[in-house]
Structure formats: C-alpha cells, structure tokens
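If you want the building blocks of each chain, they are given just below.
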Amino acid sequence: MRKQSLNLDWRFYLGDPPEPFGYPTRAGYGPGWRALDLPHDWSIELERHPTNPSGVANGWFATGRGWYARDMQMPEDWRGKRVLVEFEGVYMNAEVWLDEDFLTRHPYGYTSFVVDLTPYIRHGRAQTLRVRVDNSAQTNSRWYSGSGIYRPVWLYVAEPIHIAHWGVSVHTPIVSEDAATVRVQTRVENDTAAERAVALEWRTLDTAGTVITAQTTGGIVPAGAAYTFDGEWSVPQPRLWSPDTPSLYQLETRLFVNDEHVDTDVTAFGIRSIALSSEEGFLLNGRPLKLKGGCVHHDNGILGAASYPRAEERKVELLKANGFNAVRCAHNPPAPAFLDACDRLGLLVIDEAFDCWREGKTPFDYHTVFDDWWQRDIESMVLRDRNHPSVVMWSIGNEVIERDGRSAGAHLARTLADFTRRLDPTRPITSALCDVWSQSGRTWADTDPIFAALDVCGYNYQWREYRPDHARHPQRIMAGTESFPIEAYDNWMAVLQSPYVIGDFVWTALDYLGESGIGRVFFDEEDHRSLGQYPWHHAYCGDIDLAGFKRPQSYYRDVLWNNPHATRLFIAVHAPAPTGKTPHITLWGWPDVRASWTWPGYEGRLFTIDVYAACEQVELQLNGRSLGVKDVRREGRPTLGEGKPLSTSQPITPELKLTATFDVPYEAGELRAIGYYGGQAIAEARLVTVGEPSAIRLTPDQSVIRASRDSLCYVTAEVTDQSGALHPNAEHSLFFTVKGAGELAAVGNGDPRSVERYRGNQRRAFQGRCLAVIRSNGQAGPIHLRAQADGLDAAEVVIEAV
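Read on for an overview of the structure. Nothing here was measured: the structure is a model prediction, and the numbers come from that model. Every chain's residues receive numbers from 1 upward, in the order its sequence appears when written. In keeping with the model being predicted, local features are shown solely for residues with a pLDDT of at least 70 and side-chain atom pairs are shown and tallied solely at 80 or more, while totals for entire chains, interfaces and linings include all residues. Processing note: side-chain calculations cover all non-hydrogen atoms of the structure and skip hydrogens and water entirely.

1. Overview of the overall build of the chain
Secondary structure counts use DSSP, requiring at least four H or I residues in a row for a helix and at least two E residues in a row for a strand, with both numbered from the N terminus. For the chain, the helix and strand inventory stands at 8 helices and 47 strands. When its C-alpha atoms are laid out on the principal axes, the chain stretches across 90 × 65 × 60 Å. Working definition: with a 1.4 Å probe on protein chains only, accessible area under 20% of the residue-type maximum means buried, over 50% means exposed, and in between means partly exposed. The burial tally for the chain puts 59% of its 802 residues in the buried class. Put simply, 72% of the contacts in the chain that link residues at least 6 apart link residues at least 24 apart. For every accessible area listed, the method is Shrake-Rupley and the probe measures 1.4 Å; residues are considered covered only by the protein chains on display. For the chain, the computed accessible surface area is about 30100 Å², with 48% contributed by carbon and sulfur atoms. Taking the average location of the 80 positive side-chain charges in the chain and that of its 102 negative ones, the two points are 1 Å from each other. Residues count as neighbours in contact if any of their non-hydrogen atoms are within 4.5 Å of one another. When charges are counted, Lys and Arg are positive and Asp and Glu negative, with His and the chain ends excluded. In this description, the location of a charge corresponds to atom NZ of lysine, CZ of arginine, CG of aspartate or CD of glutamate.

Set out below in structure tokens:
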C-alpha cells in the first residue's frame with residue numbers, strides 16, 4: 001500500500017456547526033470553522049474553570065463536541081483500487097462520513113481504526129471527509145483525555161491485490177548469539193472476482209540497508225478473500241535487541257502478480273527472546289533482567305494529548321536518561337510513534353488495553369461499550385503493535401472492579417487473555433490489580449482466580465503481599481505494576497530479594513494532566529482527600545514534571561538504582577512551612593524539597609536537609625565548617641510503616657532510606673555534602689546561594705529540525721543571576737515571540753496550580769524556569785525565538801528548519 005500523511009489542511013468547528021452534519025455549503029465553510037493541521041487537542045487550548053464538568057479528574061479542562069472536515073481530490077487513477085484512512089487516535093466517540101455517506105463510528109478514544117472509503121469515492125472530483133468527535137458526556141475518564149483527532153491520520157491506496165493493512169507479523173522464536181530464527185506471516189487480500197496466483201519475497205535488511213537473507217514463496221489467493229503465507233529462515237550472528245543495544249532490522253515484503261511488483265511493506269523488527277520463570281524471573285535474550293519501570297499516561301505534558309513524533313520520542317529520551325528500562329502504558333494503547341521510539345532507543349513496554357471492563361469507574365467510561373467493542377479494540381492493539389520488539393507484555397486491564405471475582409471477573413479475565421493469546425501467542429499476558437476494597441468481606445485472596453488466567457500477575461501497591469502469595473503460589477510470577485514514589489526503597493528491595501518479582505513500575509515516571517494534585521503537599525487543616533481542588537490540574541506525582549524537568553524523587557531513584565552517570569549524592573532542602581503548620585504528603589506525593597540554598601529573609605531559621613546518598617556516611621559542611629557526619633539510613637521500618645496503612649485520604653510523614661538528615665540554621669553561602677564509603681570520600685554535592693535575577697537563558701533541545709509540520713523543538717527558558725546560575729525562586733512572567741519558519745505550539749512549566757493557559761505567548765517561571773515548544777510551519781529557514789521579562793536581560797535563540 002502507498003502510505004501518505006493526511007494531517008494537513010483540515011477545518012475544525014468547536015461545537016455543532018449550523019451546516020447539517022458539518023457538511024460545507026457550496027459557498028464553503030461558514031463562520032466558526034478554522035483551518036488547522038493535525039494532530040489537534042482542542043481541550044488544551046481552552047480555559048480551565050472549576051465549573052467545567054470534566055472536573056478534578058480531567059484537570060478542569062473544557063471538553064464538548066467538535067467537527068473536523070478535509071477536502072480530498074479523488075483522482076481517476078484510484079479507480080479499481082482500495083482506499084483506506086487510518087486514524088491513530090480520536091478522543092472520543094468518533095463518527096466518520098465521506099460527503100453524506102456515513103462510514104463508521106468508533107467509541108474508544110485510544111485504539112487506532114481504519115475506514116474504507118472505496119465504495120463511496122466519486123473519481124475525478126473533490127469530496128469531503130468529515131469527522132464528528134463527541135467528548136461531551138462527562139465524566140468518562142479518571143485522568144486528562146484531551147479532545148479531538150489528537151494522533152496522526154494516514155491515507156493508504158492499494159492495488160486490487162495487496163498486502164493487508166497490519167497484515168505482516170514477524171517474531172523470533174529461537175534466539176542465540178550464533179543464529180536466530182525469524183518467523184513471518186503475511187496476509188494478502190484479493191479484491192478481484194477471480195482467484196489469483198501471487199509470489200512473495202521476504203528480505204531481511206540490517207541497519208546499513210544490506211540484504212542479509214532473502215526467501216520467496218507463492219500460492220493462490222481466492223477471489224474476494226485473503227490468504228496468509230508463512231515463512232521462516234535463519235539470521236546468522238544476529239545483533240540482539242535489548243535496552244542497552246536496541247539493534248533493529250527491517251523486513252521488506254514484496255508482492256508480485258504475474259511477475260509484476262504490485263506492493264511492498266517494510267516492517268522494523270528486533271531479534272530478541274523473552275522468557276519467564278519464578279526461579280529466574282524475566283529473561284531477555286536468556287539473561288535475567290529486573291525491570292526498572294515507570295507508568296506513563298498518553299498525554300504529552302504541556303502539549304496536551306496532541307501526539308507528535310518528537311513529543312513521543314522526547315518522553316522515551318527522558319525515561320532512558322533517568323534510569324528507566326521499562327514503561328507501562330497506562331491505561332491504554334500508546335501512540336505508534338511512542339513505540340517506534342521505544343524500539344529505537346531501547347525501552348521495554350507493557351502495552352495495556354483498558355482501565356475498566358463491564359463495571360465502570362466513571363459514568364461514561366469504556367464500560368458503556370465494553371461488551372460490543374472489547375474484541376475489536378484488543379485486536380487493534382495487538383495487530384498494530386505486535387512487531388515492536390520493545391513490547392514484551394500485553395495487559396488486559398487496570399484495577400478492574402471485577403478483580404475480586406464479582407461480575408464473573410475470573411471468566412472475563414480468562415476470555416480476554418485467551419483471545420489476546422490467539423492473536424499473539426509470543427508474549428505473556430498481565431493485568432494490574434490493586435487491593436479489593438470490598439464491602440462484602442472479599443479479601444486479597446479473592447484475586448487468585450483472575451491471577452490464574454495471567455502469565456504475569458500485576459500488583460498495584462501490594463508489595464507486602466509478595467512473600468505471602470509466593471508461599472501460597474510458588475510458581476506465580478509477579479510484577480509491581482504500580483507503586484508509591486515514597487516507597488521506592490521498599491519496592492525495589494522486594495524486587496532484588498525475590499526472583500519471582502520481575503520489576504517495579506512507579507506511579508508515575510512522567511507527570512501528567514488530570515488526577516489533579518494526587519501527589520501534592522498539604523497542611524494540617526487542608527482537605528485530605530487524594531485529589532486536590534481547583535486550580536490543581538495535574539497530578540504532580542511524576543519523577544519528571546509536566547515540562548520534562550527532573551524532580552527530587554528522580555534524584556532519589558538515581559541513588560536507589562545507582563544509575564550510571566548520575567550523582568551519588570543529592571541535597572534536598574525542605575521548603576519552610578508556614579509558621580505553626582506541618583506539611584504532609586499524599587500517598588503519591590513527595591516532600592516539598594528543593595535543590596536550593598537561596599532563602600532570603602529566613603536567616604537563622606532552622607532548615608531540615610535530606611541528603612540522598614549511595615554511600616555509607618555523609619558529612620555536611622556550611623561555608624567550610626563541618627556540621628557533622630551521619631550514617632545513611634538503610635534499615636528500619638518500611639517507609640510508610642508496618643502493616644497495610646494506607647487510606648488515600650491519610651496524611652503521611654515518611655522516613656526515607658538511603659538518606660542522612662541534618663537540621664541547619666540558614667546562612668547564605670555554600671552548602672557542601674561529602675559522601676564516604678569505607679572511610680574514603682567518594683562523592684560530593686554543592687548548593688550555593690545565588691545572586692539577584694538578572695537575565696534569561698534559552699536552551700533548545702535541537703539546533704536543527706526538519707521543515708515539517710510534525711517537527712518540534714523544546715526550548716528551556718531559565719532565569720539566571722549575573723554569574724549564569726539558575727535562580728530557584730524566580731517567578732517572572734516571560735513573554736515569547738517567534739519569527740521565521742515556526743510558531744509557538746505551547747508554553748508551560750511544572751506548576752500544578754498555575755491558572756495560565758498552555759497556548760499563548762506568556763508563561764511565569766516556576767522555580768526559575770519554564771518551557772516553550774516551537775513547531776515548524778513546514779517551510780525551510782531560520783526560526784527566531786525571543787524571550788523577555790521585566791527587569792531581566794532578554795534572550796534569543798535561532799533554530800534552523802531544513
């Protein structure tokens with residue numbers, strides 16, 4: 001099939017247009033329609049307000065309905081060919097027309113779907129593709145969903161006999177360093193009225209484009225039907241795919257009819273093996289590997305749900321740079337570009353289908369269509385994603401209400417798991433279960449029948465159950481599919497000490513919109529409910545904040561995991577609480593600590609300082625004076641105490657391991673920590689009091705980008721003192737202007753309570769910095785970004801679009 005982008009030149013109307021069914025009149029599009037290019041999330045553009053029906057779960061963003069329209073020329077040479085349009089993701093309740101002809105509806109906002117235009121095309125003329133998107137029924141999600149055609153759209157044109165869409169499957173059942181077996185299936189479709197003889201050629205290419213294997217086969221494809229061809233061959237001395245060496249190959253599939261080449265499909269794949277056992281855990285290419293995991297929602301931070309290849313790639317870069325080797329896609333299939341980046345950069349993936357089954361969690365979530373759609377949506381996930389070497393597990397659900405056996409939960413789990421295995425027998429099946437919270441006497445043991453249907457049992461926040469469950473079920477393979485950030489030490493020690501526990505996935509690796517304030521700090525008299533009220537609008541529980549900046553818990557994880565190239569020491573200064581008040585955190589929270597020794601007006605006030613340390617002892621010095629040497633805490637009670645506390649409304653005060661704590665009166669100057677192991681200094685960290693804010697510094701993540709509408713550049717804006725040091729308290733409003741071959745796609749920061757919009761040209765610095773995202777306008781040339789603020793020297797940077 002010939003594939004081309006269909007992202008440009010759309011029209012959009014927010015609400016229901018006066019034209020019947022959104023169909024343009026002969027005079028064209030009326031008032032209210034605006035031109036735009038996909039991907040598009042209209043919710044991120046709009047004002048947040050405490051009366052918006054999306055509520056606290058969705059971050060108070062506006063939702064509603066919207067219409068998209070795109071005019072398409074239907075050339076004569078498409079006659080007799082199959083014409084398809086693939087939507088990677090539309091949130092939600094998409095309905096599609098070509099002119100007045102209704103084509104399809106697709107309720108689920110996270111699975112890709114394909115529309116066949118062929119029967120409705122009028123060749124030699126223009127037609128209008130129209131999409132109605134309905135996100136008005138609230139609430140339908142427990143986190144920010146976004147609204148609109150938020151992922152790319154693709155056009156496919158195929159000859160009458162062609163390789164089916166998602167019709168190629170490749171996997172490697174036998175792998176060693178000497179040779180690997182590659183097994184392929186290719187589905188060929190015949191749209192003609194006669195059976196046809198075809199030939200297939202499969203070629204394996206390495207990264208240099210060199211053909212290293214070639215094989216041919218042939219057969220008869222029945223009229224108006226399809227036939228699947230099987231192939232198998234050996235690759236000598238393969239380069240094995242892993243997080244450390246993400247080597248990729250290409251499978252080139254060529255289709256011939258009467259010796260005429262009619263179709264080609266190119267599929268990236270990796271050669272790797274996965275195996276599981278309770279004795280050795282997770283084996284990748286025959287070697288045990290513990291999964292250093294994080295959960296990630298689908299949104300792209302300050303861009304909202306809009307899915308650009310660079311935005312998806314940047315998420316993977318951030319995860320890899322901060323020590324993660326695995327990610328759980330919560331709680332839905334991710335963007336294809338995200339998986340492409342995981343393949344290229346080396347990140348293991350749990351690909352998850354649903355947040356609920358028949359029993360819903362919000363009034364209008366997936367449970368309303370589950371019975372009619374679950375098979376089609378699992379099929380979409382598996383057929384689309386099965387060739388990605390990064391995908392190592394399928395998850396059929398998250399914390400489903402039926403987990404304790406109610407509503408035929410065990411039967412449903414078996415049904416979904418077996419259906420998924422029939423589509424792809426090469427990967428294990430999991431599902432993430434939390435405590436049962438039953439009002440009718442059900443206990444954790446009542447999850448056993450659902451776990452029996454799975455290959456890997458997902459434990460959300462249940463690390464205390466690992467050993468008891470292993471005693472009851474010694475062959476059970478477990479994974480910590482969600483964990484509290486503050487319990488990182490306890491969870492990771494349980495993973496290291498238990499071969500049957502294959503890894504831990506923190507909630508969350510990257511911060512996300514919605515589930516507002518689930519990780520917040522609050523004070524005694526404040527509302528202890530797990531979610532914060534307006535203006536809280538993102539979760540504030542990620543290792544990495546909404547703008548992509550590293551938070552203190554990420555530095556703690558560096559120490560815990562002994563991440564290479566990361567610091568072995570981190571100085572975390574507790575921000576001063578209001579007089580007479582005690583700070584608390586939610587279960588997903590982290591203490592309000594800063595990498596800052598700049599506290600004007602607090603001279604002489606006692607500050608609590610935690611030093612996260614991969615050492616035995618820590619010495620703290622202030623302006624050259626030793627404040628003592630302390631042992632690093634490693635033993636003692638679990639971080640959140642013994643037993644199973646843990647109501648989500650309970651304020652907690654944690655006791656972190658791998659930490660030395662000091663109480664220090666504030667005095668401007670230099671704070672220095674020295675880490676000792678065996679009596680020898682092996683690491684140090686410093687914090688220095690900075691001067692007054694003086695200037696803005698702009699740092700782009702790329703100096704050159706492609707001249708394409710899907711190309712982005714992320715530019716960090718920092719407020720610095722005269723020496724160039726980041727000022728951690730700066731809150732200036734920065735104004736951005738762009739000239740040349742680009743535009744501002746978003747501005748934002750890590751402040752979970754900001755009331756500023758993410759679209760615009762102004763953003764306040766949060767802890768001294770914010771972020772601007774530049775989007776190419778599709779033309780080659782320089783892009784000039786300028787940032788200015790009252791009282792600061794302005795800054796300008798140039799990005800080249802080529």
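2. A closer look at unusual backbone geometry
The residue after A330, namely H331, is reached through a cis peptide bond having omega -15°. Residue position: H331 is located in the loop between strand 22 (326–329) and helix 2 (336–345). Across the junction of Y534 and P535, the peptide omega takes the value 15°, indicating a cis bond. As for its position among the elements, P535 is in the loop between strand 29 (521–523) and helix 8 (552–561). With a phi angle near 65°, D9 is a residue other than glycine that sits in the positive phi range. In this structure, H565 is a non-glycine residue whose phi angle is positive, near 70°.

3. So, the environment of V664
Structurally, V664 is set in strand 36 (residues 659–665). Looking at V664, the relative accessible area reads 1%, which means it is buried. The spacing of V664 and D631 is 33 residues in sequence and 17 Å in space, taken between C-alpha atoms. The residues touching V664, leaving out its near neighbours within four places in the chain, are W597, R605, L606, F607, I609, L620, L622 and L627.

4. Thoughts on the packing of helix 1 (residues 309–321) against helix 2
An axis is simply a line fitted to the C-alpha atoms; with a helix, the fit covers only the stretch in contact. Between two such axes, the angle follows the N-to-C directions and lies from 0 to 180 degrees. The N-to-C vectors of helix 1 and helix 2 enclose an angle of 45°; their axes lie 8 Å apart at closest approach. As far as their axial angle goes, helix 2 and helix 1 are oblique. Here the hand of the crossing between helix 1 and helix 2 comes out right-handed. Between helix 1 and helix 2, the contacting residues are P309, E312, E313, K315, V316, E317 and K320 on the first element and A337, F338, A341, C342, R344 and L345 on the second. Oblique is the label for any angle not covered by the other classes, which are roughly parallel (under 35 degrees), roughly antiparallel (over 145) and roughly perpendicular (65 to 115). Helix crossings get a hand from a simple test, with the near helix turned counterclockwise from the far one by less than a right angle marking a left-handed crossing and a clockwise turn marking a right-handed one.

5. With respect to the pairing of strand 38 (residues 680–688)
Every other side chain in a regular strand lies on the same face of the sheet, so the side chains alternate between the two faces. A pair of strands counts as paired when DSSP detects no fewer than two bridges linking them. For strand 37 (residues 670–677) and strand 38, the ladder comprises 8 bridges, and the chain directions are antiparallel. If you follow Y677 over to strand 38, its bridge partner there is Q680. Where strand 37 folds back on strand 38, the antiparallel hairpin that results is connected by 2 residues, among which G678 adopts a positive phi of roughly 60°.

6. Points about the packing of aromatic side chains
The aromatic pairing rule takes the rings of Phe, Tyr and Trp, using the six-membered ring of Trp, and pairs them if the centres are within 6.5 Å, calling planes under 30 degrees apart stacked, those over 60 edge-to-face and the rest tilted. Inspection of the entire model under this criterion finds 43 aromatic pairs. Consider the rings of Y108 and Y110, whose centres lie 5.6 Å apart with planes at 85°: the pair is edge-to-face. Taking the relative accessible area as the measure of exposure, Y108 reaches 8% and is therefore buried. Assessed through its relative accessible area of 3%, Y110 is described here as buried. For the pair F324 and W561, a centre-to-centre distance of 5.3 Å together with 90° between the ring planes defines the contact as edge-to-face. Taken together, the residues F324 in the loop between helix 1 and strand 22 and W561 in helix 8 connect sequence positions 237 residues apart.

7. A short note on the packing of helix 7 (residues 488–497) against helix 8
The contact between helix 7 and helix 8 brings their axes to 11 Å, and the two run at 30°. Taken together, the axis directions place helix 7 and helix 8 in an arrangement best described as roughly parallel. The two elements helix 7 and helix 8 cross, and the hand of that crossing is right-handed. Contact with helix 7, carried on its side by A488, Y489, W492 and M493, involves Y556, R557, L560 and W561 of helix 8 and no other residues of that element. Counted by class, the contact of helix 7 with helix 8 contains 7 nonpolar, no polar and 1 charged residues. Under this grouping Gly is polar, as are all residues other than the nonpolar Ala, Val, Leu, Ile, Met, Phe, Trp, Tyr, Cys and Pro and the charged Asp, Glu, Lys and Arg.

8. Observations regarding the sheet that holds strand 17 (residues 260–269)
What the 4 strands build is an open sheet, ordered 14-13-16-17; its pairing is antiparallel. One side of each edge strand has no neighbouring strand; the edge strands of this open sheet are strand 14 (211–221) and strand 17. Direction aside, neighbouring strands of the sheet carry axes that sit 20° apart on average. The pairing of strand 13 (residues 196–205) with strand 14 spans 10 bridges and is antiparallel. Across the sheet, A197 pairs through a bridge with I220, a residue of strand 14.

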